Structures are given as structure tokens and as C-alpha cells.
Amino acid sequence: MADNTTASSESTGLKQAAREALDNAPTTHQRLLDWVRDMAEMTQPDAIHWADGSEEEWNTLTTELVDAGTFVRLDEERFPNSFAAFSDPDDVARVEERTFICTKTPKGAGPTNNWEDPAVMKETLIGKFTGSMRGRTMYVIPFVMGSLEAEDPKYGVEITDSAYVVCSMRIMATIGTPVLDKMTRDNAFFVEALHSLGAPLEPGEEDVPWPCNPSKYIVQFPEDRAIWSFGSGYGGNALLGKKCYALRIASAIAHDEGWLAEHMLILKITDPEGEARYISAAFPSACGKTNFAMLEPTIDGWKAEMVGDDISWIRFKNGQARVVNPEAGLFGVAPGTGWSTNPNAMRGVARGNTIFTNVALTDDGGVWWEGMTDEVPEHLTDWKGNDWTPESGRPAAHPNSRFCTPIKQVDILAEEYDDPEGVPLSAIIFGGRRKTTVPLVSESFGWEHGVFQGATLSSETTAAAKGAVGVVRRDPMAMLPFIGYNANDYLEHWLDTGARVGEENMPKIYYVNWFRRTADGGFAWPGFGENSRVVKWIVERLRGTAGGQETPVGVVPAKEDLDLSGLDISDEELDAALRVDKDEWLAELPGIDEWFHKLGDVPEVILEQRAGLEERLKSS
Ligand code: GTP
Ligand code: MN
Ligand code: MN
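Fair warning: this is a prediction, and the values are worked out from it, not measured in the lab.

### Examining empty space enclosed by the protein
Here is step 1: Here the structure, examined in full by the defined rule, presents 3 cavities of 30 Å³ or more.
Here is step 2: Each pocket or cavity is described by its volume, and for the largest cavity that value is around 120 Å³.
Here is step 3: What lines the largest cavity is a set of 15 residues, among which F452, Q453, T456, Y511 and W585 lie closest to the centre.

Take a look at the structure:
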């Protein structure tokens, strides 16, 4: 082994360029230097590049990616500084069955995660990573999730052999020189985040546009606060600051430090009197967070702004909940995002500096996806590179195609979005995609009931993860794929936090469902901008001015409690949206029981809530 930075590293067998990059590293952070050296010795890259996060670096890397065929440069006028990438058809989403939480004991990972012994997993991964960067450049990306000015900045360093990852990370997080300098100055702790596409190049071997490996491992070591990701270039698997760090690892840190790391958007809502409130909302992947975060109210006098669209870090200080969006970019689902449904996202994307993945290309150098415009282009190149016409009978964009855009480009961004202290949090909303049973909105009876609602949150599966689409699955707090430890301990942590901070100080909890259907199969509620009517009811409930009906599942607005002015909705649709049907809910109980049986060790308080629900249903 090399003797750290002082010794010459000739004995390491590293290529000269890599050796020089190590010897001339732009940091004196010893743990970082040691780790980078160890990883380089294992993965054997041709070269090492310390990402500085500069515009020149972006220009160089994007040009290289265009030359490599990974990126298509879009029409400069309509999509300035923007690119489209097309993945391997088998590398299009998160791979939950290949995602592991490696804790000392299986109990640490709990009943909802794939577990492997950390030592065994390390052995396997060392086998995979050995030589995995041959013929490629290793990029070292210092990053911070949340503000660099935070009291306790949450640092990470991602090592990757993908330039696509470097460019995407530059959008999604604060990266590069300022981060490295501060981290070095404070000799700060950082999360080690190792990523490789797992596609080494032999001398003379030609590269493919989207290198990856059929054998994928997305591995979290929460006790070591470390991430090893192998074989995938897809965002959720490869941009390690996002799901792997800001949710899986951060949830474990939050458990130890007494806060919450959650899969929630953050919305700022200002009422006609000018009073602002902040709401976080947890919906499973592809169930409307980004859309709701960019809500365009359809009711007069109400203003919505965005603070975050995917992740909430909720801390408690002096009896107040405050929430931070740890990300600097949006990694949004493209299909269904359009000028009519989410003009705020469309305007943000149109300002350029965006990476699109797996969308379709128009003949004039633009992009298109299902739902972007009402008019469907006559000819496209689909995400697989084939000719496409409306008659093709298949989607032009992959259902999980994404846009990656700097958050600053969103013109309805609240100016306090990056306040290191976060913003005060008034309410938490849970929601899922359910055709039946769950009403448009209900208010929980209190913190424990709200935690029960979150613990039993259910949704029909979407294309955001590999696997069958449309199956009802339980997704506690929309965190099923992201809880970095035992789900029972996670629920207990929610309860404990409420008890510690005091119920009166906690945000109020609501449960929504934009996706309920009428008897003839259509959406009962028009959704999108019209969801502002639900937000208005919630804010008025917080203020104590809105009415509601107590039902067995919570307080639900009667028709007259909702502002429906100017809304084109039939009585039948409205009834379908708001109805609490005793039989549907009784039929829900076995599913909840099955879920609790799977969890095994559900906190007693939550089981009491389950019993309370049945009692209320039966006596209603
Ligand atoms: P991740 O980024 O994967 O965590 O997902 P997300 O929760 O941000 O999902 P997103 O906002 O991108 O929504 C995905 C899908 O939900 C799109 O197809 C939208 O058309 C649909 N959607 C969003 N809001 C509504 C709504 O209010 N009503 C209906 N019917 N569909 C909606
Ligand atoms: Mn998400
Ligand atoms: Mn989203």
C-alpha cells in the first residue's frame, strides 16, 4: 500500500496521469486523499479528475459527451446549453431488487430492505470494482447537500467514472471548489459515495454511448455512512447525492440526530391576506410531487411558490419544525409535464442548461414527450433511436424519462429556498395513487393518527422503478425504497419525534388522493392547478376557519367546505372524490393487516390506531 501523500505512488501500479492527479490533489484533507487513492488503486482508472464545478469544466465534459455519442446537443436557440441522453434500454429506472442496506445485523435493515452482511457485500463489491474504471477517467466530485453555509454542512464526495454523472451532479447539488475548500478547512466529515458504470475499456476497445453493466448493485452502508453503486448510469442509481445520500443515508443520520429525512416536496403558499405558510408533501415516485411543488393556483388571491420538489430535511429547533430542500436541481419525470399541466416546469426547462434523459427528439433539434404539448408531432426519433409517428402505437419517450434542471431557473422559486436554517413547516401531506377508497383529502385526528396514515400509505406502482405497474403496494411515508434502516424503527422515530417536540409544535398531517376514479373510469378530481382548492382548505383548517366532517378516517371537507368557484365538476365526480365508503374501508383493513404482518414489529401506538379505525368504521 502507498504511504499516503508523501511517498511517491509508483508502487501502486496506477497510470502516470492518475498518479499525478493524486500527487497534485487540490486538497490536504487526509481522509479524502487516502480514500481517493484506495479507490483508484482498486478501480484502476487511466486518469483522475478533481471536479471543480466550473462552467469551463461543464463545457469540456458536455463536448466530450457529445463526441462520445452520449449527448445530443439540442437546438441552441430553443434549448440553450441543453442536451439529450439516451440510456441503455435496461438502465432506465431505480432497481429496487438490486438495492441493499448493509447493516451489522439483518434487523438493522429491517423487513422492507434487501440486506447483506457488510463484510460479505464488501467482498463482492471489491470483486466488481476491481479494475472497473480501466480505460476511463475517475472523477472526484466534492458536494454538499443543503447549504454550504449550514451550521453542520452535509458533505459528500462522489467518485464516478461517468461524465454524465458529473454534469448531472453539477445541476442537482452544490459541487466543486468552494465545497472542497470549506470541507478541507474544517477537516469535515463527508459521506463516501463510490460509483462505477462497471464497463472498463480494454486498450483500443470502442466505447458505447451509454456504458453500464447488467449486474447492478446499489449499496448503502448506513453505519459507515457510505455508498457503493455499481453498474447503472441512471439518475436515481448514479447521482449518489440524491436518493442514496439525501434519503437512505440521511434517514439513518436523522434517526441518530433526531430529525427527519423525507421524500417530500416543499410548497410555499401565501393566502390573500399575505400570510405565507410552508407545506411538505410525500407522494411515492411519479405520483405528483414535482407537479404539486409547482402548483399554479386556479383560485383568486392565492399564490404558490416552490421550495423543493423531492426531498425534505425536517429539523426541530426551539419547538419549531423547519424544513430544508437539500437539492439544487430538479430531476423530474418528463411525461405528463406539459404547458397545460405544469407551465412552471416547462418555463424552467426552456431556460436551458438542462439534461434530458430518454425523451424523444423532434426533427428540428428539440425534445418531446407524451403530454408535453396537446399537439403530437408528426415525426420523432423515439428514446430508443427509432423513427416514430403517432401511428407507431408505442410511447415516444420512456415513461420514466426525466429532465434535470437547475432549481434557480424555476421562476416561482421562493427566494428563501436555500436559507441554511430552512423554512417553518406548518403541515405535512401524505398522498398516493388510488383508484378507490381514499378520499380527495382528510385531516388526521392528531400526530399519532397522522403517523398511522403515513405508515399505511398505499399507491399503485408506477414506471419510476422497474417492475409491474398499477399494483397497490404499501409505501410508508412514500419512503419504502428509501428508508435506510429498519422500517419499524423508522415509524417509532416518527412517533418519538412527535412526543419529544410536542404534538402542539408538530405540523398537522393531511392525506390526499388526486387519483380516485368515477364509476366510468375517469379521474374524479381534475388535479394539477385545481389542487390549490385542497391547499386552501388545508390552510383554512390550520387557521381554524374551514369546516369539515368527522369521518372514521379523518376530517373530510363537505362540498360546501371547498372553494369550487369556477370549477367545472359534476356532482357525481365530486361525490366520487370526497366519499368515505365504509365498505371500501373495511375491505382495506386486511391489506393493512397483511402489511403490518410483513413489518412484524410495528409500534404499539400504530396498532392501536389500526384498532381505532376499525372501531370507528364499525360504529359509523
Ligand atoms: P419522483 O420525481 O419520481 O419522486 O415523482 P414525482 O412525485 O415528482 O411525480 P411527478 O410530479 O413527476 O408526477 C408524475 C405523474 O403524475 C405525471 O404523469 C403527472 O401527469 C401525474 N400527476 C401529477 N399531478 C397530478 C394530478 O393532480 N392529477 C392527476 N390525475 N395526475 C397527476
Ligand atoms: Mn423522488
Ligand atoms: Mn419529481
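### A word on the nonpolar core
Here is step 1: Counting 167 residues, the largest nonpolar core has F292, F356, F430 and W494 as its most contacted members.
Here is step 2: The residues contacting W494, other than those within four sequence positions of it, are L260, E262, M264, I428, F430, W447, V451, M477 and I509.
Here is step 3: Counting residues in each nonpolar core, the second largest holds 39 residues, with L22, I159, L180 and A188 among its members.

### Considering the packing of aromatic side chains
Here is step 1: One pass over the structure, following the stated rule, counts 25 aromatic pairs.
Here is step 2: Ring centres 6.0 Å apart and planes at 85° place the aromatic pair F79 and F356 in the edge-to-face group. A residue pair is termed long-range when its members are at least 10 positions apart, and F79 in the loop between β2 (71–73) and β3 (83–85) and F356 in strand β19 (residues 355–357) qualify at 277 residues. Across the pair, F356 and F79 agree in class, each one buried.
Here is step 3: Ring geometry for F283 versus W514: centroids 6.2 Å apart, planes at 90°, classification edge-to-face. Here F283 is found in the loop between β14 (276–282) and α10 (289–293), whereas its partner W514 is found in the loop between β30 (508–512) and α14 (532–543), with 231 residues between them in sequence.
Here is step 4: Its relative accessible area of 1% is what places F283 among the buried residues.
Here is step 5: Every member of this aromatic cluster is reached through a ring pair, and the members are W58, F71, F83, Y164 and W210.
Here is step 6: The ring of Y217 is capped by R98, whose NZ or CZ atom sits 4.6 Å from the centre of that ring.

### A word on the layout of surface pockets
Here is step 1: Taken as a whole, the largest pocket holds about 1,000 Å³ of empty space.
Here is step 2: Elements represented by at least two residues in the lining of the largest pocket include exactly α9 (241–257), α10 and β18 (329–333).
Here is step 3: The element contributing the most residues to the lining of the largest pocket is α10, with 4 residues.
Here is step 4: Tallied by class, the residues present in the lining of the largest pocket amount to 20 nonpolar, 17 polar and 12 charged.
Here is step 5: Quantified by volume, the second largest pocket comes out at close to 620 Å³.
Here is step 6: Listing elements by their share of the lining of the second largest pocket, those giving two or more residues are α3 (55–68), α6 (163–172) and β8 (174–175).
Here is step 7: Here the residues of the lining of the second largest pocket sort into 13 nonpolar, 8 polar and 7 charged.

### Some remarks on the UniProt feature "domain: Phosphoenolpyruvate carboxykinase GTP-utilising N-terminal" (unreviewed entry) in the protein
Here is step 1: According to UniProt, the feature "domain: Phosphoenolpyruvate carboxykinase GTP-utilising N-terminal" (unreviewed entry) maps to residues 34–254 in the numbering used here.
Here is step 2: Helix makes up 35% of residues 34–254 and strand 23%, with an end-to-end C-alpha separation of 27 Å.

### Description of helix α5 (residues 118–129)
Here is step 1: For α5, built from 12 residues, the straight-helix expectation of 16 Å at 1.5 Å per residue is met to within 8% by its first-to-last C-alpha distance of 16 Å.
Here is step 2: All of the buried residues in α5 are P118, M121, L125 and F129. Projection of α5 onto a plane perpendicular to its axis shows the buried side chains occupying an angular sector of 65°, all on one side. Opposite the buried face of α5, at more than 90 degrees from it, the exposed residues are A119, E123 and G127.

### Structural notes on the confidence of the model for the protein
Do not read the predicted coordinates in detail wherever pLDDT is low.
Here is step 1: Here the protein averages 95 in pLDDT, and 98% of its residues register 70 or above.
Here is step 2: Across the interface, the model reports ipTM at 0.97; the global pTM reads 0.95.

### Looking at the packing of helix α12 (residues 447–455) against helix α17 (residues 604–618)
Here is step 1: Two elements in contact, α12 and α17, have axes separated by 9 Å at closest approach and are oriented at 90°. Here α12 lies roughly perpendicular to α17, going by the angle between them. Every residue of α17 that contacts α12 at E448, H449, V451, F452 and A455 is listed here: V605, I606, Q609, R610, L613 and R616.
Here is step 2: Residue composition of the contact of α12 with α17, by class: 6 nonpolar, 2 polar and 3 charged.

### A closer look at the sheet that holds β3
Here is step 1: With mixed pairing, the 5 strands of this open sheet are ordered in space as β2-β3-β19-β24-β18. What marks the edges here is a single partner per strand, and that holds for β2 and β18. Strand-to-strand twist across the sheet, computed as the mean angle between neighbouring axes with direction ignored, equals 20°.
Here is step 2: As paired elements, β18 and strand β24 (residues 402–406) share 5 bridges and run antiparallel to each other. Note that in β24 the partner of V333 across the bridge is R402.

### Considerations on a negative patch on the surface
Here is step 1: A contiguous patch of negative charge on the surface is contributed by E448, E503, E504, E604 and E608.
Here is step 2: With respect to the helices and strands, the residue E448 is situated in helix α12.

Criteria and thresholds
- Residues numbered from 1 in each chain as written.
- Chains lettered and ligands numbered in written order.
- Predicted model: local features only at pLDDT ≥ 70, side-chain atom pairs only at ≥ 80, totals over all residues.
- Heavy atoms only, no water.
- 1 Å grid on protein atoms, 1.4 Å probe; cavity = no way out; pocket = protein on both sides within 12 Å on 5 of 7 lines; lining within 4 Å.
- Points joined across faces, edges and corners; volume = space filled by probe spheres on them.
- Core = buried A, V, L, I, M, F, W, Y, C linked by side-chain atoms within 4.5 Å.
- Buried < 20%, exposed > 50% of the residue type's maximum accessible area, 1.4 Å probe, protein only.
- Contact = heavy atoms within 4.5 Å.
- Phe/Tyr/Trp six-rings, centres within 6.5 Å; stacked < 30°, edge-to-face > 60°.
- Helix = DSSP H or I, 4+ residues; strand = E, 2+ residues; numbered from the N terminus.
- Lys NZ or Arg CZ within 6 Å of the ring centre and 35° of its normal.
- Nonpolar A, V, L, I, M, F, W, Y, C, P; charged D, E, K, R; others polar.
- UniProt positions renumbered as here; feature names shortened; annotations may be inferred.
- Expected span 1.5 Å × (residues − 1).
- Arc of directions from axis to C-beta.
- pLDDT = per-residue confidence, 0-100.
- Axes fitted to C-alpha atoms, helices over the stretch in contact; angles between N-to-C directions.
- Parallel < 35°, antiparallel > 145°, perpendicular 65-115°, else oblique.
- Pairing = 2+ DSSP bridges.
- Patch = residues over 30% accessible without salt bridge, like charges linked within 9 Å, V, L, I, M, F, W, Y side chains within 5 Å.
- Areas by Shrake-Rupley, 256 points an atom, 1.4 Å probe, with all protein chains shown as cover.
- Salt bridge = Lys/Arg side-chain N within 4 Å of Asp/Glu carboxyl O.
- Lys, Arg positive; Asp, Glu negative; His and termini not counted.
- Charge placed at Lys NZ, Arg CZ, Asp CG, Glu CD.

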